[in-house]
Amino acid sequence: MRSFLSYLIPLLFLVFDVFASDYHEQLNLKPLPQSSLLASFNFRSNTTLTQFAAHNFRYFPRSLGQILQHVGTRELHLRFSLGRWDAESWGARPWDGTKEGGTGVELWAWLEADTEEEADHKWLTLTNALSGLFCASLNFIDETRTTRPVMSFRPEGDHGPAIDRMHLLHGVLPHEIVCTENLTPFLKLLPCKGKAGISSLLDGHKLFDATWQSMAIDIRPLCPPGQECVLQIEQTIDMVLDIERSKRPRAGEEWSLDQLFGKYLKGTCPLTDPDVPPVCIQVPERRDIFSTGGAVEIKNPNGLSRCYQISPERDFSMILPRMPRDGDNPKTTADEHVQPGTPLLYAERSFTGHGQERGGVQSILTNPSPDTEVEFVYMESLPWFMRVYLHTLKARVEGTSGAKDDLIEEIYYRPALDRARGTQLELRMRVPPASTVFLTYDFEKSVLRYTEYPPDANRGFDVAASIITILPSTSPNAPPTLQKTSNLRTTSLLLSLPTPDFSMPYNVIIFTSTAIALAFGGLYNILVRRFVGADEGPEEVGGLRGKIALLVAKLKSVTKGKVD
Amino acid sequence: MSDGKMGFQDTAGLYGAAAVLRLALFTFFPTLPDLLTSRVEVSTPVTSFKRLQEGLFLYNHNVSPYDGGVYHQAPLLLPILSLLPDPSTYPFFTYLLYVLVDIASAEALYRIAESGEAAASKLFTSARKDRKWSGYVVAAIFLFNPFTIATCLGRPTNVFTTCAILHAVANAISGSPLTAMLALSFAAYLSMYPILLLPPLILLAFDRQPPANQIPSLRQFTGTAVLAVMAPLSALFAASYILTGSWEFIPSTYGIQLTITDLTPNVGLWWYFFIEMFDSFRSFFVGVFWLHLSSYVGGLSIRIRSQPLAVITILLASTILYSAFLGPAFYYLWIYAGSGNANFFYAITEASDLRASFPTVLFLLDLFSILKHAPTIFLADLLNNNLSSTSGAQASFSIFCNGNIAPNIVIEERKWLVGWKTRRQESWEQGLPGVSQTNPTVVMDPKVQNFLKFSVILHMLRLSQSSYLVSNACGEYDANIAFETSIAEVQEQADNLLGRLALERRLRHYVLWDTS
């Protein structure tokens, strides 16, 4: 037996070595204008579908894998986001916006099911299981917050024939506050669990202090040509740190990695692909960077980024010193950071209207490009208590010569049902070059039953961000950013609804019931009576005397009857 | 029939003037219709024109309007109204339709008033039947009533229901029972509650049958009439089913009205009641609400058998009372200005609840008067007012209570008390049991007199107060002032109730249990 095992163990290592490169991680730093720093952590691991089906989880987290297998999830995307990406100063979004969600928690998944009911049931199981796994209120994604997007999302993986049986479900929790308890399970899914490698930099205090942050989990099956199909899990954390704020109480223009993140990078994760440099930074070539010992700098030939190959055992940090503006080697602002790219589309959304009853929503969509038209799908998933009037939907264009009527090319609308489902509105539309489109519609605020208000009713209700999916351009000479799908999301909105007085259901019920009783009693009283003159009835003598007289009269009649 | 023709010639000028006035308002104040459309005084969540437009939009874009939470109106309105040009681009045709419906309602009211049914029905003739108002005046009051005009401009769909009800009544009076039942089935199809008017309407039609083809048995007549309502109603439902392709319109139109799930504020009291209701008791109270509303039908029809028109009036009025009765001020302060705090809110709620009980008192007095055969002109007046108030401007009912009905009660009550002798003689001649032949000496009790006067003054005060609140709500609103006025109102209401109790005690002097 022992000899058998001794043969087997090297064999196992051999097998493991084949997959050793199936995990890789990388931290991308990008200084942004206004003393901000974008830090993108990316962790990716693959497992073959056959291994996955045989419950051989290696780099793939077992806890998540079992949930996925249980509910037949083909593809899953989970997002935890906080803050707002300031596109005006920070430019285009990281990963073209494909790895971020609206404020709060966003989840969408393709589930394998034969019927819609089965898909709904599986979705319920999935949200409840993920809720436990990620310590988030995902179980509150009920049918009123679930939509089935038609145009906005496309599967990213290779699904083959199974695609016909797949159901896309999408749910958002805009009110969810992402915090440390969501980060801990996120890190636990990683092979090095935040103990080594770039994940050792992640700390709840710094991450959730960021101006903007987004944690993403994407799971998709991929079938590279000529190879076995794999299931890929990609975990991403993007954050924009305010450098000044993060390195407090220290002041000054220079900053180092350990100041911003509060700790050193603890070597590399031993499981990671050694060929992929773990830390990269996008700065102009003339920017000075000092790194700790044992790290090797690899400059990208384009002069806009450099990467660091670091020692597996030693702590790593790097320092970006203050840029001397005069002296021997003066530096300009252009040397400080790479100019951020212009986003394809700017989008902002706000409430219009006045009073607590009626309202409107206005989305301003601006295409900054001077020559390229942008085509996209605009999706709103609104709570049922916003009664949308679709006939008031208007798109108005400004800036281009000659107004165009056909800005909205296609509408998919699923109206809300009270207490059963929310509104789903998807618009395929386009913005002409160098112009702004104002998209407006009216809605009416419902009044809810008093038990349906949250404890902080006067704070208002969060309305999920609208999701904009920019479709790849069909023309071959479009800019490279337009060749593939990209996303952006507006901020979420706070909708204040009129609130009843929560302290007095008793009073209202009692007073109203009194009114009914008065009405009914009075009416009944009058309906069953006959009216005669006062002197026509028997003589009425009030008080005790009258009662006695009545009693005597009764007795008299009784005795009379007996006598008779 | 010749009366009707002559009537139309008489009233053509009136109708023309009303149409011109409405079209002028539509033309010269183009923003007014949209402003009024969103006013709670004019439209409820079920009847709102904006929701109708949304339903039409969805219908024209092949989305089922019943698969959503916005449109709760009858399916057949959709194809009929989608025949008209789009209201947002060519609003004139929609305006014209609503103007015509208003004129049709006025014509029906004219016929009702001219028939003299309010003064002299088959089984009962008022002592002062000569003092009734002419149909011309009634139609004019209806057509130039600001609330009717506001309703016409706001274009809620309940004007169609009102028109159908009025035509049902008018046809029943003019001796065409089948047409009346057809009109009633249209009204019931549009908004369900008019089906409650079926028993008194049958009685009315039975009393007014043309002598040519009379059905002498009430039972047989009732059977025919029920059939005459059910057949068109089933045809309408079948047409709706064919049109929408499913029965889902039933829960979405009548179901919503029955279960009161759409709690969008309107001038009614019930939406607030059901907001605050405990979840476990909600369905129970919904049941109580409907039972309560429908329980009056039988009782009133039997008790006031001699005056079916009065039963219809009281039922319509109580529908308004229970589905739509609350001053607009409360709504404004809370929903619109958002400035009501808890204390203020408490007072306003209390006041509104008590206020709701006040018209009850008025109704009891009305009923009291009716039962005593007294007020003929008053009844006609009440009837006309109420019928016109159902034409959509449901809040107008409260204003009528404030402005018109209360003074009438004072006047009529006094007249009744003065006219007691006449009535007594009548009843003596009819040989009612328990009525002796001695002439009683009736003295108007000063307390009763004072109470009635006081209630009129109070209503006038309240009217001015609510207009004050409304004007304030639009600008800066001082919650304290309203709080104090509301508290004062509550106290007044309490005094009122005490006064009412005192009144009842006095009245009991005249009212004895039926000993037979």
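Keep in mind the model is a prediction, meaning the values are calculated, not measured. (Residues numbered from 1 in each chain as written. Chains lettered and ligands numbered in written order. Predicted model: local features only at pLDDT ≥ 70, side-chain atom pairs only at ≥ 80, totals over all residues.)

Visitor: Report on the confidence of the model for chain B, specifying residues and quantitative values.
Guide: Residues and elements named next belong to chain B. Within chain B, residue pLDDT values average 66, and 55% of them lie at 70 or more. Under a pLDDT of 50 for its full length, residues 505-516 has, in the predicted model, 15 contacts with residues more than four places off or in other chains. In the predicted complex, the global pTM is 0.77; the interface-specific ipTM is 0.80. (pLDDT = per-residue confidence, 0-100. Contact = placed C-beta atoms within 7 Å.)

Visitor: Give me the UniProt feature "transmembrane region" (unreviewed entry) in chain B: which residues, what numbers.
Guide: Residues and elements named next belong to chain B. What UniProt calls "transmembrane region" (unreviewed entry) maps, in this numbering, to residues 12-32, 92-112, 133-150, 186-206, 226-250, 270-297 and 309-334. Taken end to end, residues 12-32 is 86% helix and 0% strand, and its two terminal C-alpha atoms sit 27 Å from one another. End C-alpha atoms of residues 226-250 are separated by 21 Å, and the span's content is 84% helix alongside 0% strand. (UniProt positions renumbered as here; feature names shortened; annotations may be inferred. Helix = DSSP H or I, 4+ residues; strand = E, 2+ residues; numbered from the N terminus.)

Visitor: Hey, could you go over the sheet that holds strand β20 (residues 386-398) of chain A for me, with residue numbers and the actual values?
Guide: Residues and elements named next belong to chain A. With antiparallel pairing, four strands are arranged side by side in an open sheet as β17-β18-β23-β20. Both edges of this open sheet fall to β17 (346-352) and β20, since each of them pairs with a single strand only. Averaged over all neighbouring strand pairs, the angle between strand axes comes to 15°, with direction disregarded. Inspection of the sheet shows strand β18 (residues 358-367) paired to strand β23 (residues 435-445) by ten bridges, in the antiparallel sense. In the sheet register, serine 363 faces β23, and the bridge partner there is leucine 439. (Pairing = 2+ DSSP bridges. Axes fitted to C-alpha atoms, helices over the stretch in contact; angles between N-to-C directions.)

Visitor: Could you give an account of the domain arrangement of chain A, with specific residues and numbers?
Guide: Residue and element names in this part refer to chain A. The domain architecture assigned to chain A consists of domain 1 (23-336) and domain 2 (346-449 + 456-495). Spacing between the C-alpha centres of domain 1 and domain 2 amounts to 27 Å. Contacts between domain 1 and domain 2 engage 21 residues on the former and 27 residues on the latter. Residue composition of the side of domain 1 that touches domain 2, grouped by class: six nonpolar, nine polar and six charged. (Domains from an automatic or database assignment. Nonpolar A, V, L, I, M, F, W, Y, C, P; charged D, E, K, R; others polar.)

Visitor: Tell me about the packing of helix α3 (residues 62-71) of chain A against helix α5 (residues 116-134) of chain A, and please be specific about residues and values.
Guide: Residue and element names in this part refer to chain A. Two numbers describe how α3 lies on α5: the axes approach to 10 Å, and their chain directions differ by 170°. Between α3 and α5, the crossing angle belongs to the class labelled roughly antiparallel. Where α3 approaches α5, its residues Ser63, Leu64, Ile67 and Val71 are matched on the opposing element by Lys122, Thr125, Leu126, Ala129, Leu130 and Leu133. Counted by class, the contact of α3 with α5 contains seven nonpolar, two polar and one charged residues. (Parallel < 35°, antiparallel > 145°, perpendicular 65-115°, else oblique.)

Visitor: An account of α5 of chain A is needed here, citing residue identities and associated values.
Guide: All names here are of chain A. In a regular helix each residue adds 1.5 Å, so 19 residues correspond to 27 Å; α5 covers 26 Å between its end C-alpha atoms and thus fits that length. Taken as a whole, α5 has its buried residues at Ala119, Lys122, Trp123, Leu126, Thr127, Leu130 and Phe134. For α5, the angular spread of buried residues about the axis comes to 140°, placing them on one side. Looking at the packing, one finds that the buried side of α5 touches α3, β3 (73-83), β4 (104-112), β5 (146-147), β6 (166-173) and α6 (180-188). (Expected span 1.5 Å × (residues − 1). Buried ≥ 20, exposed ≤ 12 C-beta atoms within 10 Å, placed from the backbone. Arc of directions from axis to C-beta.)

Visitor: So what's going on with the sheet that holds strand β12 (residues 290-291) of chain A? Which residues, and what values?
Guide: Residue and element names in this part refer to chain A. Overall, antiparallel pairing links the three strands, which are arranged β9-β16-β12 in an open sheet. Each edge of the sheet is formed by a strand with only one pairing partner; in this case those strands are β9 (255-256) and β12. Across two bridges, the pairing between β9 and strand β16 (residues 318-320) is antiparallel. Bridging from a neighbouring strand, tryptophan 255 pairs with leucine 320 of β16.

Visitor: Give me the confidence of the model for chain A: which residues, what numbers.
Guide: Per-chain confidence: chain A averages 85 in pLDDT, with 91% of residues scoring 70 or above. Considering only residues more than four positions removed or in separate chains, one finds that residues 1-20 of chain A, a stretch of pLDDT under 50, has one contact.

Visitor: I'd love a proper account of the environment of valine 101 of chain B, names of residues and values included.
Guide: Residues and elements named next belong to chain B. Tracing the chain through its elements places valine 101 in helix α5 (residues 91-115). Separated by 61 residues in sequence, valine 101 and threonine 162 have C-alpha atoms that sit 9.3 Å apart. The contact partners of valine 101, leaving out residues within four places of it in the chain, are Val159, Phe160 and Cys163.

Visitor: Quick rundown of the pairing of strand β26 (residues 486-489) of chain A? Include the residues and the values.
Guide: Successive residues of a regular strand alternate their side chains across the two faces of the sheet. All names here are of chain A. Of the two faces of β26, the one holding Ser486 and Leu488 and the one holding Asn487 and Arg489 are both buried throughout. Pairing between strand β25 (residues 467-470) and β26: four bridges, direction antiparallel. Bridging across to β26, isoleucine 467 finds its partner in arginine 489.

Visitor: Kindly report on helix α14 (residues 282-303) of chain B, identifying the contributing residues and their values.
Guide: Taking 1.5 Å of rise per residue, the 22 residues of α14 of chain B would be expected to cover 32 Å, and the 32 Å separating its terminal C-alpha atoms lies within 8% of that figure. Along α14 of chain B, the positions that sit buried rather than exposed are Phe285, Tyr296 and Leu300 of chain B.

Visitor: Outline unusual backbone geometry, supporting the account with residue identities and numerical values.
Guide: Residue and element names in this part refer to chain A. Notably, glutamine 34 is not glycine yet its phi reads approximately 60°, a positive angle. With respect to the secondary-structure elements, glutamine 34 resides in the loop between β1 (23-32) and β2 (36-48). Of note in the backbone geometry, histidine 55 takes a positive phi value of approximately 60° without being a glycine. Inspection of the secondary structure puts histidine 55 in the loop between α2 (49-53) and α3.

Visitor: Lay out the packing of α5 of chain B against helix α8 (residues 158-173) of chain B in plain terms, naming residues and giving numbers.
Guide: Residue and element names in this part refer to chain B. Relative orientation of the contacting elements α5 and α8 amounts to 30°, with a least axis distance of 9 Å. For the element pair α5 / α8, the angle class is roughly parallel. Where α5 crosses over α8, the handedness of that crossing is left-handed. For the pair formed by α5 and α8, the contact residues are Tyr98, Val101, Asp102, Ala104, Ser105, Ala108, Leu109, Arg111, Ile112 and Ser115 on the first element and Val159, Phe160, Thr162, Cys163, Leu166, His167, Val169, Ala170 and Ile173 on the second. (Left-handed = near helix turned anticlockwise from the far one by under 90°.)

Visitor: Go over the environment of alanine 92 of chain A with me, naming the residues and quoting the values.
Guide: Residues and elements named next belong to chain A. Counting through the fold element by element, alanine 92 comes out in the loop between α4 (87-90) and β4. Residues alanine 92 and leucine 345, 253 residues apart in the sequence, show an inter-C-alpha distance of 9.0 Å. Ignoring sequence-local partners within four residues, the contact set of alanine 92 consists of Pro340, Gly341, Thr342 and Pro343.

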